[in-house]
Each structure stands twice: as structure tokens, then as C-alpha cells.
Amino acid sequence: MSLEDIKARIEAAEGKAGRALGSVQLIAVSKVQPNERVEAVLQEGHRCFGENRVQEAAGKWPDFAKQFSGLDLHLIGPLQTNKARQAMELFDVIHSVDRPKLAKTLARLAQEIGNCPDLFIQVNTGAEEQKAGILPQDTDAFIAECRALDLPVQGLMCIPPVEEPAVEHFALLAEMADRNGLDGLSMGMSSDFEEAIAMGATHVRVGSAIFGARAYAQG
Ligand SMILES: *Cc1c(COP(=O)(O)O)cnc(C)c1O
């Protein structure tokens, strides 16, 4: 696969779902990928990338930013409160807001910095113990809490359990976003982004299908 192939598949899925072409944003997930692969995708003109670790992103994106303008960086992995400031300075969008303590920290820092990335609330739709995300039954209240803190919540994000049909989780996430008046849906990865688009995804996070397999497995 290549960037062009993935973009064509996204367009086809948009068309099939009766959605406007270009309505789905492709986040190229560059975590763990060698810099030359990332640079090749930058050279093709793509600017929207996802990373799941603040430290790793801080080590490579400031250098790319000197060469390529208009970068749009998304944090898609868990965020510790002690890295929140660094994450807010580095990323345009954070997809992993998942607990009150983090929400409060982001709100305080947004006041201090005078700026806040767009935010997605991560929902643990499968209620998996090892996985980050707010539980489905706590999601409505947490969205309200984030709004009360004046946080710019754009939508919801999920990572479905590997052993279950992703489409059920996409449907659940879409329903929760809809009843809370949220437009953004960050869902769908290399193996299921077309299904996610059919269910209303606005942001798909695609890594290995663009860059090739990662050199080592990462959670
Ligand atoms: C790594 C990762 C992806 C991309 O996974 P692929 O299967 O390589 O497309 C998407 N979302 C999150 C949260 C990830 O950590």
C-alpha cells in the first residue's frame, strides 16, 4: 500500500457512504517508523500525522517542522499529566483525553498558555481493563465536565477490542457522539478504516497500511 492507495480507498469509502469527498481526515500514524519513510510521505505532500508517545514525537517533529510547513500533528496515545504541557505545545490535536484529572490539568494549562489543542475524548468502548479511555457509562458526564472546564472538545475516539467486530464499537461511538452533539469521530485504523468511514468517522488513523509494518509491536 501507499499513501495514494489509501487516499483513493478513503475517497471510495466516502462516496459509497454518500459522504462529501474530503470529509474524512487521514492521520498518517508515523510512530516507530524510520525517518526516511516519514520523510517520503511528507515529500508526497501529506501533512497530517499521528504519534502515540510525546517523547518520541518531541524527538523527531521539531526537525521536520523546519523543513516542511503546515504540519498538523495528532497525539493518539495515552497522555500522562506530567507530559501535558509538552503535548499541548507539540500537538495540534489530542485524541486521548480520558479522565477528570487530565481534563483539569489541560484546562489549567490552557489558561496559562492561552491556547489549547483541539481535543477528542477517548472512550474504552469494549471496557477492556488494559486499555485507556473513559468507560461508556461515564462518557456523557465526562463530556459535560470537559465542557464545563471550557475545553475545546471536538469529538470522540475509540480503539475497538481486537477480537470483536469493530463496526459495533464504531456504531456505539457514533451514537454517543450524536447524543452529545459532537461532530468529530476518530475511529478506524489500517484494517478497518473503510468500515469506520461507513459509520461516520471524520478522522481515520492509518499507520502500517501507509508506512509498512512497524519494526516492533507497540500498544
Ligand atoms: C498505532 C495506532 C494506530 C495505527 O495502527 P495501524 O494498524 O498501523 O493502522 C491507530 N490508532 C492508534 C491509537 C494507534 O496507537
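Use the structure listed above.
Everything quoted here is computed from the prediction, not taken from an experiment.

What counts and how
- Residues numbered from 1 in each chain as written.
- Predicted model: local features only at pLDDT ≥ 70, side-chain atom pairs only at ≥ 80, totals over all residues.
- Heavy atoms only, no water.
- Helix = DSSP H or I, 4+ residues; strand = E, 2+ residues; numbered from the N terminus.
- Buried < 20%, exposed > 50% of the residue type's maximum accessible area, 1.4 Å probe, protein only.
- Contact = heavy atoms within 4.5 Å.
- Areas by Shrake-Rupley, 256 points an atom, 1.4 Å probe, with all protein chains shown as cover.
- Lys, Arg positive; Asp, Glu negative; His and termini not counted.
- Charge placed at Lys NZ, Arg CZ, Asp CG, Glu CD.
- Near = heavy atom within 4 Å.
- Polar contact = N/O pair within 3.5 Å; in protein donor to acceptor, adjacent residues only side chain to side chain.
- Nonpolar A, V, L, I, M, F, W, Y, C, P; charged D, E, K, R; others polar.
- Core = buried A, V, L, I, M, F, W, Y, C linked by side-chain atoms within 4.5 Å.
- Pairing = 2+ DSSP bridges.
- Right-handed = clockwise from strand over helix to strand, strands pointing away.
- Expected span 1.5 Å × (residues − 1).
- Phe/Tyr/Trp six-rings, centres within 6.5 Å; stacked < 30°, edge-to-face > 60°.

Examining the overall build of the protein chain
Inference 1: In terms of regular secondary structure, the protein chain is built from 9 helices and 8 strands.
Inference 2: Along the first, second and third principal axes, the C-alpha atoms of the protein chain reach 40 × 40 × 30 Å.
Inference 3: Looking at the protein chain as a whole, 50% of its 219 residues are labelled buried.
Inference 4: The long-range share in the protein chain, meaning contacts at least 24 apart out of those at least 6 apart in sequence, stands at 60%.
Inference 5: Here the protein chain has roughly 10100 Å² of accessible surface; of this, 49% comes from carbon and sulfur atoms.
Inference 6: One finds the centroid of the 21 positive side-chain charges in the protein chain at a distance of 5 Å from the centroid of its 31 negative side-chain charges.

Considerations on the site of the ligand
Inference 1: All residues in the neighbourhood of the ligand are listed as V29, K31, I76, M157, I159, M189, S190, R205, V206, G207, S208 and R214.
Inference 2: Between the ligand and G207 there is a distance of 2.8 Å, counted from an oxygen atom to a backbone nitrogen or oxygen.
Inference 3: Taken by itself the ligand offers 390 Å² of open surface, and the protein chains cover 91% of this.
Inference 4: Its residues placed into classes, the shell around the ligand shows 6 nonpolar, 3 polar and 3 charged.

Looking at the nonpolar core
Inference 1: One finds I94, L106 and I121 to be the most contacted residues of the largest nonpolar core, which totals 63 residues.
Inference 2: Beyond its immediate stretch of four places on either side in the chain, I121 contacts H95, V97, I134, F142, I143, C146, V153, G155, L156 and M157.

Here's the deal with the pairing of strand β1 (residues 25-29)
Working note: regular strand, side chains alternate between the two faces of the sheet.
Inference 1: Across the 5 residues that make up β1, a large majority, 4, are buried.
Inference 2: The pairing of β1 with strand β8 (residues 203-206) spans 4 bridges and is classified as parallel. Among the inter-strand pairings, A28 is bridged to a residue of β8, identified as V206.
Inference 3: One ladder, built from 2 bridges, connects β1 with strand β2 (residues 48-51); its direction is parallel. Bridge pairing links V29 to G50 in β2.
Inference 4: The β-α-β motif built from β1, the intervening helix α2 (residues 35-43) and the parallel element β2 has right-handed crossover chirality.

Things to note about helix α6 (residues 136-148)
Each turn of an α-helix holds 3.6 residues, which means side chains three or four residues apart point in the same direction.
Inference 1: Compared with an ideal rise of 1.5 Å per residue, which puts 13 residues at 18 Å, α6 spans 19 Å between its outermost C-alpha atoms and is within 8% of the ideal.
Inference 2: Of all the positions in α6, only P136, T139, F142, I143 and C146 are classed as buried.
Inference 3: Residues of α6 that are buried in the fold lie against β4 (93-97), α5 (100-113), β5 (118-122), β6 (153-157) and α7 (166-179).
Inference 4: Directly after α6, the chain includes D150, whose backbone phi takes a positive value near 65 degrees.

Section: unusual backbone geometry
Inference 1: The phi dihedral of V32 falls on the positive side, at around 70 degrees, and the residue is not glycine.
Inference 2: In this structure, V32 sits in the loop between β1 and α2.
Inference 3: On the basis of relative accessibility, which here comes to 13%, the residue V32 falls in the buried class.
Inference 4: Phi at D150 takes a positive value of approximately 65 degrees, unusual for a residue other than glycine.
Inference 5: With respect to the helices and strands, the residue D150 is situated in the loop between α6 and β6.

A short note on the packing of aromatic side chains
Inference 1: Enumeration according to the criterion identifies 2 aromatic pairs in this entry.
Inference 2: Measuring from ring centre to ring centre gives 4.8 Å for F49 and W61, while their planes differ by 40 degrees; the resulting arrangement is tilted. Taken together, the residues span a long stretch of sequence, with F49 in strand β2 and W61 in helix α3 (residues 54-67) at a distance of 12 residues.
Inference 3: Taken together, the ring pairs in this structure connect F49, W61 and F64 into an aromatic cluster.

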